[in-house]
Amino acid sequence: MEDKKSSNYKVGDLIYDTTIYDGLNTFLSDLPFYKKWLPKNKDAKILELCCGTGRLTLPLAKDGYAISGVDNSFSMLEQAKVKAIEAGLEVEFIEADIRALDLPEKYDLIFIPFNSIHHLYQNEDLFMAFSAVKKHLKKGGLFLLDCYNPSIHYIVEGEKELKEIAEYTTNDGRKVLIKQVMRYERKTQINRIEWHYFINGQFDSIQNLDMRMYFPQELDSYLKGNGFTIIDKFGGFDEEAFTDDSEKQVFVCQCIAGDN
């Protein structure tokens, strides 16, 4: 979600190669959590922000929900549309920057999954996204999101050397190996992550995956300060208690100030 004109932080193009992306992101461990919090009424309107290629959007649409997906990557959305057609689903996919979202509808539930807020690098970026959520959320509607619980130990270990983090074969037959190294900027709270790609046994490129770290009390304060009530905060998708050892921050929020 970065503004390339004003930010030095970015996500590399190869990371948005849809076939490589889908080959890496096949998990659905977060799907039951998001399904649990959906309104029981299948006529409810659902909005997923930063939907990518529809990993969560399409299963929810298959369950009969009226869900729309928003992303600012044209290639991701084109892949999502192809997958929807192949599954016989009619899903609205919208290309937009969530910081400046302006849709005609209001929604019963809005969610930002899969650590996507880490690509909102400045506080004002996050606050603009929260404002857009409030603008599009019905009064009493729910806002869900998940992100990492920053681990200083993990970051320190990740700065020492290249470590293999994934190896898989894509649907088009490419054998992909990804190695990671990182460097944390304390001033900006941004983790400068490099993914070193090896494709079919040959080094391909180094791709940036820069992520802003949001610490627990900080993010709680930002949500409350932007008009949200935190109904629940979990340490994972099984709704375990949030603790010092939690890898994730998983929020269920409500915006009392929303419009009908």
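Anything mentioned here points back to the structure above.
Now for a look at the structure at hand. On a predicted model such as this, the values are computed, not experimentally measured, just so you know.

## A look at the sheet that holds strand S11 (residues 229-234)
- Sheet architecture is open: 7 strands sit in the order S3-S2-S1-S4-S5-S12-S11, paired in mixed fashion. Across the chains shown, the open sheet's two edge strands, defined by having one partner strand only, are strand S3 (92-95) and S11. When strand polarity is set aside, the average angle formed by the axes of neighbouring strands in this sheet is 20°.
- Relative to strand S12 (residues 248-254), strand S5 (residues 137-148) is paired through 7 bridges, and the arrangement is antiparallel. Bridge pairing in S12 links Tyr148 to Lys248.
- Each of strand S2 (66-71) and S3 touches helix H4 (residues 74-86); the most contacted strand, S3, lies at about 170° to it.
- Packed on one face of the sheet, helix H5 (residues 123-136) meets strand S1 (45-49), strand S4 (107-112) and S5 and runs near 145° to S5.

## So, the nonpolar core
- Counting 31 residues, the largest nonpolar core has Leu49, Val70, Ile117, Phe143, Leu219 and Leu223 as its most contacted members.
- Counting residues per element, the ones that place at least two in this core are S1, S4, H5, S5, helix H7 (216-225) and S12.
- Ranked by residue count, the leading element in this core is H5, at 5 residues.
- Residues contacting Leu219, with those up to four places away along its chain left out, are Ile117, Leu126, Phe130, Cys147, Tyr214, Gln249 and Phe251.
- Listed in part, the 28 residues of the second largest apolar core include Tyr65, Leu89, Phe234 and Val252.

## Quick word on the side chain of Asp146
- Following the sequence through the fold, Asp146 ends up in strand S5.
- Exposure remark for Asp146: the relative accessible area of 1% places this residue in the buried category.
- A polar side-chain atom of Asp146 sits 3.0 Å from the main-chain amide nitrogen of Phe114.
- A polar atom in the side chain of Asp146 sits 2.8 Å from the side chain of Lys248.
- When residues no more than four places from it in sequence are discounted, the contact partners of Asp146 are Tyr34, Ile112, Pro113, Phe114, Asn115, Ser116, Phe237, Lys248, Gln249 and Val250.

## Overview of H5
- Here H5 is 14 residues long and its end C-alpha atoms lie 20 Å apart, about the 20 Å a rise of 1.5 Å per residue gives.
- Listed as buried for H5 are Asp125, Leu126, Ala129, Phe130, Ala132, Val133 and His136. End-on, the buried residues of H5 take up no more than an arc of 155°, which puts them together on one face.
- Buried residues along H5 sit against S1, S4, S5 and H7.

## Observations concerning the packing of H5 against H7
- For the pair H5 and H7, the least separation of the axes is 10 Å and the interaxial angle reads 45°. It follows that H5 is oblique to H7 by the angle criterion. Like other packed secondary-structure pairs, H5 and H7 cross with a definite hand, here right-handed. Where H5 abuts H7, its residues Asn123, Leu126, Phe127 and Phe130 lie against Leu219, Tyr222 and Leu223.

Analysis parameters
- Residues numbered from 1 in each chain as written.
- Predicted model: local features only at pLDDT ≥ 70, side-chain atom pairs only at ≥ 80, totals over all residues.
- Heavy atoms only, no water.
- Pairing = 2+ DSSP bridges.
- Helix = DSSP H or I, 4+ residues; strand = E, 2+ residues; numbered from the N terminus.
- Axes fitted to C-alpha atoms, helices over the stretch in contact; angles between N-to-C directions.
- Contact = heavy atoms within 4.5 Å.
- Core = buried A, V, L, I, M, F, W, Y, C linked by side-chain atoms within 4.5 Å.
- Buried < 20%, exposed > 50% of the residue type's maximum accessible area, 1.4 Å probe, protein only.
- Polar contact = N/O pair within 3.5 Å; in protein donor to acceptor, adjacent residues only side chain to side chain.
- Expected span 1.5 Å × (residues − 1).
- Arc of directions from axis to C-beta.
- Parallel < 35°, antiparallel > 145°, perpendicular 65-115°, else oblique.
- Left-handed = near helix turned anticlockwise from the far one by under 90°.

Note that all results are geometric; they support no functional claim without further evidence.
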